[in-house]
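The residues making up each chain are set out below.
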Amino acid sequence: MSLQGAISVTRFGLGARPDEINTASRDPEHWLLSQLVATDTFPDQALPSSRERLSEAMEYTRSVRTRNADEDATRTYRRRARQANVAEVTARMTFATVTESPFHERLVRFWSNHFTVAANSAQTRALAAPYEREAIRPHILGSFAQLAERAIFHAGMLVYLNNWQSIGPNSRAGQRRGRGLNENLAREILELHTVTPAAGYSQADVTAFAKALTGWTVGNHRIQPDGAGTAVFSDRLHESGRHSVLGRLYSDVGADQAKAIVQDLCQSPHTAQNIASKLARHFVSDTPPASLVEKLRDDFLETGGDLTSLYSVLVEAEEAWLPTVMKFKTPDELIVSTGRLIGLQQALVGDARDLFESFAQQPFTAPSPAGWPDENEAWNGPDAIMKRVEWANRLADRNSTLDGRILLEQGVGARVSSKTLQAVARAENPTQATAIALLSPEFQMR
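Residues numbered from 1 in each chain as written. Predicted model: local features only at pLDDT ≥ 70, side-chain atom pairs only at ≥ 80, totals over all residues. Heavy atoms only, no water.

**Describing the nonpolar core**
In step 1: By size, the foremost hydrophobic cluster in this structure holds 112 residues, and its most contacted members are Phe12, Trp111, Phe115 and Phe209.
In step 2: Contacts of Phe12, omitting those with residues within four sequence positions, involve Ile7, Leu32, Pro102, Phe103, Arg106, Phe283, Leu314, Val315, Ala320 and Trp321.
In step 3: If you look at the next biggest cluster of nonpolar residues, it comprises 7 residues, including Leu54, Met58, Ala155 and Val218. (Core = buried A, V, L, I, M, F, W, Y, C linked by side-chain atoms within 4.5 Å. Buried < 20%, exposed > 50% of the residue type's maximum accessible area, 1.4 Å probe, protein only. Contact = heavy atoms within 4.5 Å.)

**Regarding the packing of helix H5 (residues 71-98) against helix H17 (residues 331-342)**
In step 1: It is the contact of H5 with H17, at a shortest axis distance of 8 Å, that shows an interaxial angle of 55°. With respect to each other, H5 and H17 are oriented oblique. Relative to H17, the crossing made by H5 is right-handed. Two secondary-structure elements touch here, H5 through Arg92, Met93, Ala96, Thr97 and Val98 and H17 through Asp332, Ile335, Val336, Gly339 and Arg340.
In step 2: The residue inventory of the contact of H5 with H17, partitioned by class, reads 5 nonpolar, 2 polar and 3 charged. (Axes fitted to C-alpha atoms, helices over the stretch in contact; angles between N-to-C directions. Helix = DSSP H or I, 4+ residues; strand = E, 2+ residues; numbered from the N terminus. Parallel < 35°, antiparallel > 145°, perpendicular 65-115°, else oblique. Left-handed = near helix turned anticlockwise from the far one by under 90°. Nonpolar A, V, L, I, M, F, W, Y, C, P; charged D, E, K, R; others polar.)

**Some remarks on unusual backbone geometry**
In step 1: The phi dihedral of Asp19 is positive, around 75°, even though this residue is not glycine.
In step 2: Of note in the backbone geometry, Phe364 takes a positive phi value of approximately 65° without being a glycine.
In step 3: With respect to the element layout, Phe364 can be found in the loop between helix H19 (352-359) and helix H20 (382-398).

**Overview of the pattern of salt bridges**
In step 1: Evaluated as defined, the whole model comprises 20 salt bridges.
In step 2: One salt bridge in this structure joins Arg248 and Asp264, with 2.9 Å as the shortest N-O distance. Note that Arg248 is positioned in strand E4 (residues 248-250) and Asp264 in helix H13 (residues 255-266), a separation of 16 residues in sequence.
In step 3: Owing to a relative accessible area of 47%, Arg248 belongs among the partly exposed residues under this scheme.
In step 4: On the basis of relative accessible area, Asp264 is assigned to the partly exposed category, the value being 29%. (Salt bridge = Lys/Arg side-chain N within 4 Å of Asp/Glu carboxyl O.)

This is how it looks when you write it as structure tokens:
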């Protein structure tokens, strides 16, 4: 097993399955790049679509408002929603622990976090997981602009950032209802998804963009019933007219006006810098080498944001393979990497929801539109470390046949230090050796 092979599996992937480091060591770069062509298929056939989930949630909400929902209907809806959410999380976690394309799966998680939709309401609890399956997962190998459009104009994002309730003040619906703009989606696209404040946009730009985005909503019994539960465009809600964003004037072309703005934002050098910095920070270091960020930014601009090309530049950059730079695993990454090594049920140590809540990273519940934090300090505080110690001790107690030395050999490979090997060898018993291996810096970091 080579050091490069270990880095490819643990830094770019999701943690090693038994013998995976051996496989990757034959040609680490090729092992990673091959995953950008042929990937596993996520088993989502039995999972309901966003349209099905949202339509059910909207119908239930409507029945509550009209007082047609009795206690039995409420219990039935909540039970079905809870079962659907458990099925989504289980499918996602299981797939991550068995996939043979872990680099591809890490990229899915990266982009899902970049274009976050969090389950913070009845509607988004129904949408967050299907959104990742529909808007993110199928589009991470194309262009950034294509991915951004799929994410932004999906019902999940329109609901999460309230654009489905944004109405042009001078539109036909706005004049009648006396309701107006919601600028959340416009602001987050500019601030987080694309150009960032470095582009120097103003409040006027945010407002103009929000006006262009009006009309993009979710179909229901009143607005395009045949599109109930999906993203639709309604002229009745749209603030017509030309709108100027970052110095460019966009013609009134209805649904395509906002899409044209998004496409231009995706081609901005500020967006290139944003994406390059985030990729380098995620895969390499909280303070990535400036030379790596520059390589990624330049490729983004040269290719028009071709994502597969961008990943290739990352994999082929020598700065990405430095053994001295490591990232602290998030709770999700810790559980997945352990699951890949010893099996998901053994890694969960009991009820999955309780464990995720203890670790403060319940799937699909990012704390803000910025997603889960991607810096070490967010996950390695004293309380967080104690939770990991408790988890490792419980796991070791319940899996007495595990061997700490084998865990390190298969899960960390050549990245393990002599100090850690010595600590495991001096353990008082196999259970303590397992806990030490799981809590070692090499296993807790990637």
